[in-house]
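# Overview (structure and organization)
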Amino acid sequence: MATSQLAAPPEGSDLKPVPGAPGFPVIGTTFQMMRDPFAYSRKRRERFGTVSWSNVLFKPMVTLQGPEAAETVLVNRDKAFANGPAWTYFIGPFFHRGIMLLDFDEHLHHRRIMQQAFNKPRLRSYMQAMAPSIERGIEGWRPRDGFKFYDHMKQLTLDLAMDVFMGVELDRREADRINGAFIDAVRAGTAYVRFPVPGLRWHKGLRARKTLEKFFYEHLPAKREKGGDDLFAALCEAETDDGETFTDEDVVNHMIFVLMAAHDTSTTTMATMAYYLARNPEWQDRLREESLALGKPVLDFEDLEKLTTLDLVIKEALRLVAPVPALPRRTVKDTEVLGFHIPKDTFVFLPTLTNHYLEEYWPEPERFDPGRFAEDRREDKVHHYAWQPFGGGVHKCIGLHFAGMQIKSVLHQVLQRYRWSVPEGYEWPLDTTSLPSPKDGLPVRLEQI
């Protein structure tokens, strides 16, 4: 077993050095981690335990597996773990000063203002605005074999984000241009070549950031003046009891980040649901019956809590494929995790995607089993941080209630209009080199009911 290349524990300390191995020269274990994170995490755990280091994207990074380590980092009682320096290394040039890239007092200041855009009255207005857009979007679907569910869902969620978050209508060409910019910005974060070579991910990401900034700044003056029921207007108008508001730069930075987070993560979750519901039609039928029992084509805000079976499926989909597969942090001072010494300025990350597959917490982790979240089982309660798709602590996802509302609103309409299936034995090729997505677009047989 290799010893840690991180700084040793202080003399006389009873803390242990982090074990690990760098991996291949230069690239370290980057390829193994991105190509097959499940096998990678399992092998590292078997060899080194729950805390280990390796070189990832040209940096020594400490992998912290399991809910105990996750709790230490996410609760962050001694304020040793910072979001900004870690996320900035991955996505900083493309999502500059988004809410997830801020820390401590500054983060709390921005979060207090932003929370006004996600209060119950605002959520209710977003939901009302979404309903007709969902209907228009899915009416355009054409039943057939080979219908690419992921691709269509991604287009729908971007259109919803434009309607609900921007409050503007874009023609198809412009919507596709903005969607492409978000895709390039997200994919740039895990680029192997991390400087601007034309045609490669990093260069495309920097160009995408300029496109997004120009887009939002062009619309900002009208939004400041006229307001509205959309998120863009809400961020322009948001004000704390003390009169604190966002600058124009703040609004643009947060819009770029939130719009990305809203449509990419929801797309991943709904695609995961679609995949497992196609392979498990009995659950698809249960959800359809639950939606039909409401007797209304479009959900009202008060209906959200009535779709209890849909809640279970959403939670299981988030367990099986966490939309944000890892949560990085960087230490701002010496600290410890589970008895291991973590020096200042060390990158650590929580592998959210693979933490949800640990057998000691999740029996038969690869099996689709929404019932594990039912009240008579609640396998997620084995540890407070066993299930962590939205992170935790002060950085817990600010849009989690919006995400649940959006997913339920979309699936309620889709279930009543369509049935879908995949050939027996089909397994989707999940691409984990960036945010998880099916390489083949998730082709299904779509049938109108």
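Residues numbered from 1 in each chain as written. Predicted model: local features only at pLDDT ≥ 70, side-chain atom pairs only at ≥ 80, totals over all residues. Heavy atoms only, no water.

## A closer look at the sheet that holds strand E8 (residues 347-350)
- With mixed pairing, the five strands of this open sheet are ordered in space as E1-E2-E8-E5-E3. At either end of the open sheet lies a strand with only one pairing partner, and these are strand E1 (51-56) and strand E3 (81-82).
- Relative to strand E2 (residues 59-64), E1 is paired through six bridges, and the arrangement is antiparallel. The residue bridging tryptophan 53 from the neighbouring strand is valine 62, located in E2.
- Against the sheet, helix H2 (residues 37-48) contacts E1 and E2, and its axis sits at roughly 130° relative to E1. (Pairing = 2+ DSSP bridges. Helix = DSSP H or I, 4+ residues; strand = E, 2+ residues; numbered from the N terminus. Contact = heavy atoms within 4.5 Å. Axes fitted to C-alpha atoms, helices over the stretch in contact; angles between N-to-C directions.)

## Overview of helix H8 (residues 172-188)
- Compared with the 24 Å implied by 1.5 Å per residue over 17 residues, the 24 Å span of H8 between its first and last C-alpha is a close match.
- Along H8, the positions that sit buried rather than exposed are Ala175, Ile178, Asn179, Ala181, Phe182, Ala185, Val186 and Ala188.
- Residues of H8 that are buried in the fold lie against helix H4 (84-91), helix H7 (149-166), helix H9 (201-226) and helix H11 (248-279). (Expected span 1.5 Å × (residues − 1). Buried < 20%, exposed > 50% of the residue type's maximum accessible area, 1.4 Å probe, protein only.)

## Some points on the nonpolar core
- Within the largest apolar cluster, 129 residues are counted, with the highest numbers of intra-cluster contacts made by Trp141, Phe165, Phe216, Phe402 and Trp420.
- At 17 residues, the largest contribution of residues to this core is made by H11.
- Other than its neighbours up to four places away in sequence, tryptophan 420 contacts Phe149, Ala274, Leu277, Ala278, Gln284, Arg288, Leu411, Val414, Leu415, Val444, Arg445 and Leu446.
- Core analysis: the second largest hydrophobic core is formed by seven residues, Leu358, Tyr361, Phe373 and Ala374 among them. (Core = buried A, V, L, I, M, F, W, Y, C linked by side-chain atoms within 4.5 Å.)

Honestly, it's all geometry; don't read function into it.
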